[in-house]
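# Structural characterization, general
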Amino acid sequence: MHERGRPRSFDRDQALHQAMLVFWEHGYEGASLEALTNAMGINRPSLYAAFGCKEALFREAVLLYEAGDGGVAARALSGAASAREAIETMLRANVDAYADPRTPSGCMIILAANLGTPGNAAVREFLAERRDDAQASLVRRLKRGIADGDLPKGTDTAAIATFYSTVLQGLSFQSRSGATRKSMHRTVDSAMTAWDALVQPRARVTNKRARASAR
């Protein structure tokens, strides 16, 4: 237990940043306590005293990631003039972040979600919440597009958000598998060709399918 009033002999913020990089590279289950403490430059008692446990450390690392390297999507969505520009900017900004050689490839949250141990259910639920929050941000930006008039009323914002979230998750895995920045941007090119079809109001798409099946 850390003694009251006694200053820590390490920089907590720097240690957390190093832990984030380990989790980003190896995922939650793949990041051993030995790897974490070595990267953070501390021993296990200091880790427990400063962060509580591995899970608590991971949760803090995820929040740090979202505030920095993982926040490119939120910044892209808020800064673009139209809904289409917001989605494309979000995808391309993430591609550039995933391919940045200065950090581990891919998205920390997406890649860390591959958890198989039943004892890590709480971590799995936490990561699912973070992904749900990210998708909800897409929906809100698309609804803003309807309000602004650059998307038609009746646009299925949930379906569009799900589609582009799936594209983003695929890009993360492709990046970790060695895909180049150029090839991932080509994937974004392809994904954006679907935009015009996706923004059709649901009723119009449903009626078109019904007419086709009746022929």
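In the annotation of an unreviewed UniProt entry, the entry for the protein chain reads TetR family transcriptional regulator, and the organism field reads Luteimonas cucumeris.

Turning our eyes to something else, we now look at the environment of E88. Mapped onto the elements of the fold, E88 is located in helix 6 (residues 83-98). Sequence spacing of E88 and M192 is 104 residues, and the spatial spacing of their C-alpha atoms is 7.0 Å. Setting aside residues up to four positions removed in sequence, E88 forms contacts with V188 and M192.

Another point: helix 8 (residues 121-148). Between its first and last C-alpha, helix 8 extends 40 Å over 28 residues, near the 40 Å set by a 1.5 Å rise per residue. The set of residues buried in helix 8 consists of V123, F126, L127, L138, V139, R141, L142 and G145. Two residues or fewer after helix 8 comes G149, characterised by a positive phi angle close to 95 degrees.

Summed over the entire model, instances satisfying the criterion amount to six aromatic pairs. With 6.1 Å between their ring centres and 40 degrees between their planes, Y164 and W195 make a pair best called tilted. One end of the pair, Y164, is in helix 9 (residues 157-176); the other, W195, is in helix 11 (residues 195-198), and 31 residues separate them in sequence. Using a relative accessible area of 5% as the deciding quantity, one classes W195 as buried. Ring pairing ties together the aromatic residues F23, Y28 and F58, which thus form one cluster. Here the basic side chain of K54 rests over the ring of Y28, its NZ or CZ set 4.6 Å away from the ring centre. For R59, the ring lying beneath its charged end belongs to F126, and the centroid distance is 4.6 Å.

If you look at the biggest cluster of nonpolar residues, it comprises 57 residues, and the most contacted ones within it are F23, L36, F58, L91 and W195. It is helix 1 (residues 12-30) that provides the largest number of residues to this core, a total of eight residues. Per-domain counts for this core show at least three residues from each of domain 1 (12-65) and domain 2 (70-199). In contact with F23, not counting residues within four places along its chain, are Y28, A31, L36, K54, L57, F58, A61 and M108.

UniProt's feature table lists "DNA-binding region" (unreviewed entry) at residues 32-51, given in the numbering used throughout. For residues 32-51, helix accounts for 80% and strand for 0%, while the C-alpha atoms at its two ends are 15 Å apart.

How each quantity is defined
Residues numbered from 1 in each chain as written. Predicted model: local features only at pLDDT ≥ 70, side-chain atom pairs only at ≥ 80, totals over all residues. Heavy atoms only, no water. Helix = DSSP H or I, 4+ residues; strand = E, 2+ residues; numbered from the N terminus. Contact = heavy atoms within 4.5 Å. Expected span 1.5 Å × (residues − 1). Buried < 20%, exposed > 50% of the residue type's maximum accessible area, 1.4 Å probe, protein only. Phe/Tyr/Trp six-rings, centres within 6.5 Å; stacked < 30°, edge-to-face > 60°. Lys NZ or Arg CZ within 6 Å of the ring centre and 35° of its normal. Core = buried A, V, L, I, M, F, W, Y, C linked by side-chain atoms within 4.5 Å. Domains from an automatic or database assignment. UniProt positions renumbered as here; feature names shortened; annotations may be inferred.

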